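# Structure assessment
Here are the chains, one letter per residue:
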Amino acid sequence: MSFYDKQTMRVKIDEDHTITIQRLSYGQRQRCISVAAIAKVDENRQETMTIDPGRLSIERLVYGIIAWEGPGFEGRVVNRENIEDLPPEVLDPVTAALSNFDDGPSESQKKA
């Protein structure tokens, strides 16, 4: 397996619907963090950085979801607006899968 091979997996939402995700590249992951970062300067001119978890989650979904299948997605392309319009019960398992996927390739993937 090349370092540049796109790693994908399908997340089954229910009997009729699946969402295909990709493992984020280093650059994609850094862009997600950058968008979610909030810099603050206090009265002593000390800068602190925090991450907005909601913003980070949405960015990871936007970069991570590459396709979907099923009648519930009919006529909708994969884009930010359509991803944000999906109900939480559809995206919660996708968010979990992306988190697990970002941990790196499984042992079986490493051996392939």
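See the structure shown above.
So, here is what we can say about the structure in this document.

Analysis parameters
- Residues numbered from 1 in each chain as written.
- Predicted model: local features only at pLDDT ≥ 70, side-chain atom pairs only at ≥ 80, totals over all residues.
- Heavy atoms only, no water.
- Pairing = 2+ DSSP bridges.
- Helix = DSSP H or I, 4+ residues; strand = E, 2+ residues; numbered from the N terminus.
- Axes fitted to C-alpha atoms, helices over the stretch in contact; angles between N-to-C directions.
- Contact = heavy atoms within 4.5 Å.

## Re the sheet that holds strand β2 (residues 17-22)
- Strand order in the open sheet formed by three strands is β1-β2-β5, with antiparallel pairing between adjacent strands. This sheet does not close on itself; its edge strands, each paired only once, are β1 (8-14) and β5 (65-69). Taken over all neighbouring pairs, the strand axes of this sheet differ in orientation by 20 degrees on average, direction set aside.
- Where β2 meets β5, four bridges bridge the pair, whose relative direction is antiparallel. Of the residues in β5, the one forming a bridge with Ile21 is Ile65.
- Along the sheet, helix α2 (residues 53-64) makes contact with β2 and β5, crossing β5 at roughly 70 degrees.
- Along the sheet face, helix α4 (residues 88-101) touches β1, β2 and β5 and points at about 155 degrees away from the line of β1.

## Points about the pairing of strand β4 (residues 47-51)
- Judged from the five bridges that link them, strand β3 (residues 37-41) and β4 form a sheet pairing that is antiparallel. Across the sheet, residue Ala39 finds its bridge partner in β4, namely Met49.
- Remark: five residues form the turn of the hairpin made by β3 and β4, two consecutive strands paired antiparallel; Arg45 in that turn has positive phi of roughly 65 degrees.

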